[in-house]
Amino acid sequence: MKHNARQRCHRLTDGRSVHAITLTSDTGLEVTISTLGATLQSLLAPDRHGASSDVVLGYDDFNDYLKNDAYFGATLGRYANRIGEGRFFLDGREYRLSTNDGRHTLHGGAIGFSRKLWDIHDVDTGDAPTVVMALSSEDGDDGFPGTLAVRAAFELRGSQLAIRYTAECDAPTIVCLSNHTYFNLNGLAGSTDILGHELTIPADSYVPIDVNSIPTGEIRAVVDTPFDFRTPTAVGMRIRDARETQLVRGRGYDHCWCLGSSPTDEPRLVARLRDPASGRTLEMLSNQPGLQFYSGNFLDGTSVGKQQRMYRQSDGLSLEPQLLPDTPNRPTFGTARLAPGAVYNNHIIYRFSAQ
Ligand code: GAL
């Protein structure tokens, strides 16, 4: 394997092997993805002085990813975000899912794609080094119908990392995949939080939640609320405003912003995140209609991450392009249905720069 794609093998304490692929580009970007959960384990990016730091949260020890309740860097599936009451109807039949968030299903259920060992399908060591991981999710996996063949392609091209999730089924099912990377562009997660990061989300509306973080069904305008990120705004500026019930329910931001009514053909800009301290900027592009912005509200110091640092509230934030949450139970939110012969496609691009 050429130097721009290195592979290492780690033996878990349960005897299984995890492979980690590190892709490097000549712009100083370096990303490591592991087969346990098709997880983005580290991402080194240069700051305005050219100094590289790891800008994503996670663990040094791959065994810690077997639990990974915070879903650091993980690929989410078969259904990212929540499905209310852990059940849905498809073509007139009810399906019951495994529940792992009270009565509800979160990020695919008790196991989900994030705790499975994926296969390495292909590695390309060309100018845009790429690793493609594959997973076969059997009929009935966590309660979902139909066998699903999933691919996750991670491609590094200059200062841009693209993730392309595709999936095909042999019987009608529902699918919503995403990636749950937590960013701290300062590169010092576990020392500084993300409240000073400036965030832009070009969305006019978002999905309000109930006390269990399940959508109420309403789509609400962001104007005149702390959910208006249409111009660059520090994440921490309004996050403690308890007059906004939605912030109280989420313990901060933990909501889906609406960018459209259905997936688009090509990715377009869905978020910009800038850390004034390091000068690093992340532009995120996606073809998905929703963007879950989660400000790391449940990080409480019980996760000890890389370099023996404890992660506490808002030490990182995640931006997860996806369908609107609970779409299978909300016809007005669109559809999550995938039929045999069709290809599910979630295309995410992270574009880095520093000034
Ligand atoms: C987020 C979700 C949060 C929380 C988190 C994992 O995607 O919106 O409510 O469950 O994952 O800790």
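For the structure itself, consult the block above.
Read on for a plain summary of the structure. (Residues numbered from 1 in each chain as written. Predicted model: local features only at pLDDT ≥ 70, side-chain atom pairs only at ≥ 80, totals over all residues. Heavy atoms only, no water.)

**Overview of the nonpolar core**
The nonpolar side chains of a soluble globular protein tend to be buried, and buried together.
And then number 1: Grouped together as the largest cluster of nonpolar side chains are 59 residues, with contacts concentrated most on Leu43, Trp257, Phe293, Tyr350 and Phe352.
And then number 2: Leave out the neighbours within four places in its chain, and tryptophan 257 touches Ile201, Ala203, Ser205, Tyr206, Val222, Phe227, Phe229, Pro289, Gly290, Leu291 and Phe293.
And then number 3: Formed by 16 residues, the second largest nonpolar core is a distinct cluster that contains Leu76, Ile83, Phe88 and Leu323. (Core = buried A, V, L, I, M, F, W, Y, C linked by side-chain atoms within 4.5 Å. Buried < 20%, exposed > 50% of the residue type's maximum accessible area, 1.4 Å probe, protein only. Contact = heavy atoms within 4.5 Å.)

**Things to note about the sheet that holds strand E4 (residues 39-46)**
And then number 1: Taken in spatial order, the 5 strands line up as E1-E2-E3-E4-E5 in an open sheet, and their pairing is antiparallel. Strands at the two margins of the open sheet, each flanked by one partner only, are strand E1 (5-11) and strand E5 (52-54). In this sheet, neighbouring strand axes are inclined to one another by 15° on average, regardless of whether the strands run parallel or antiparallel.
And then number 2: Strand direction decides the pairing type here: E1 and strand E2 (residues 17-24), joined by 7 bridges, are antiparallel. The residue of E2 that forms the bridge with histidine 10 is valine 18. (Pairing = 2+ DSSP bridges. Helix = DSSP H or I, 4+ residues; strand = E, 2+ residues; numbered from the N terminus. Axes fitted to C-alpha atoms, helices over the stretch in contact; angles between N-to-C directions.)

**A closer look at the site of the ligand**
And then number 1: Lining the immediate surroundings of the ligand are 13 residues, of which Arg82, His107, His180, Asp254 and Glu320 lie closest.
And then number 2: Starting from 310 Å² of accessible surface for the ligand in isolation, the protein chains cover 95%.
And then number 3: Among the residues forming the shell around the ligand, the class breakdown is 6 nonpolar, 3 polar and 4 charged. (Near = heavy atom within 4 Å. Areas by Shrake-Rupley, 256 points an atom, 1.4 Å probe, with all protein chains shown as cover. Nonpolar A, V, L, I, M, F, W, Y, C, P; charged D, E, K, R; others polar.)

**A look at the sheet that holds strand E11 (residues 119-124)**
And then number 1: Judged by pairing direction, the sheet is antiparallel, and its 9 strands sit side by side in the order E11-E12-E13-E14-E30-E24-E23-E18-E21 without closing on themselves. For this open sheet the edge positions go to E11 and strand E21 (233-234), each flanked by a neighbour on one side alone.
And then number 2: With 2 bridges connecting them, strand E18 (residues 198-200) and E21 associate as antiparallel partners. Bridge assignment links glutamate 198 to a residue of E21, and that residue is alanine 234.

**Digging into the side chain of asparagine 297**
And then number 1: Along the chain, the position of asparagine 297 falls in the loop between strand E25 (290-294) and strand E26 (300-304).
And then number 2: A polar contact is formed between the side chain of asparagine 297 and the backbone oxygen of tyrosine 253, at a distance of 3.0 Å.
And then number 3: In this structure the side chain of asparagine 297 is engaged in a polar contact, spanning 2.5 Å, whose partner is the side chain of serine 295.
And then number 4: Excluding its chain neighbours within four sequence positions, the residues that come into contact with asparagine 297 are Gly250, Arg251, Gly252, Tyr253, Asp254 and Gln313. (Polar contact = N/O pair within 3.5 Å; in protein donor to acceptor, adjacent residues only side chain to side chain.)

**Examining unusual backbone geometry**
And then number 1: Note the cis peptide between glycine 77 and arginine 78, where omega equals 0°.
And then number 2: In this structure, tyrosine 71 takes a positive phi of about 60° despite not being glycine.
And then number 3: Within the fold, tyrosine 71 resides in the loop between E5 and strand E6 (74-76).
And then number 4: Not every positive phi belongs to a glycine, and arginine 251 is a case in point at roughly 55°.

**A closer look at the pattern of salt bridges**
And then number 1: Counting across every chain of the model gives 19 salt bridges.
And then number 2: As a salt-bridge pair, arginine 96 and glutamate 94 come within 3.3 Å of each other at their nearest N and O atoms.
And then number 3: For arginine 96, a relative accessible area of 56% gives the class exposed.
And then number 4: Classification of glutamate 94 by relative accessible area gives partly exposed; the value is 31%.
And then number 5: The shortest N-O distance in the salt bridge between arginine 274 and glutamate 198 comes to 3.1 Å. On the criterion of sequence distance, the pair formed by arginine 274 in strand E23 (residues 268-274) and glutamate 198 in strand E18 is long-range, its members being 76 residues apart.
And then number 6: Glutamate 198 gets classed as partly exposed once you look at its relative accessible area, which sits at 26%.
And then number 7: One continuous salt-bridge network, built from bridges that share partners, spans Lys67, Asp69 and Arg115. (Salt bridge = Lys/Arg side-chain N within 4 Å of Asp/Glu carboxyl O.)

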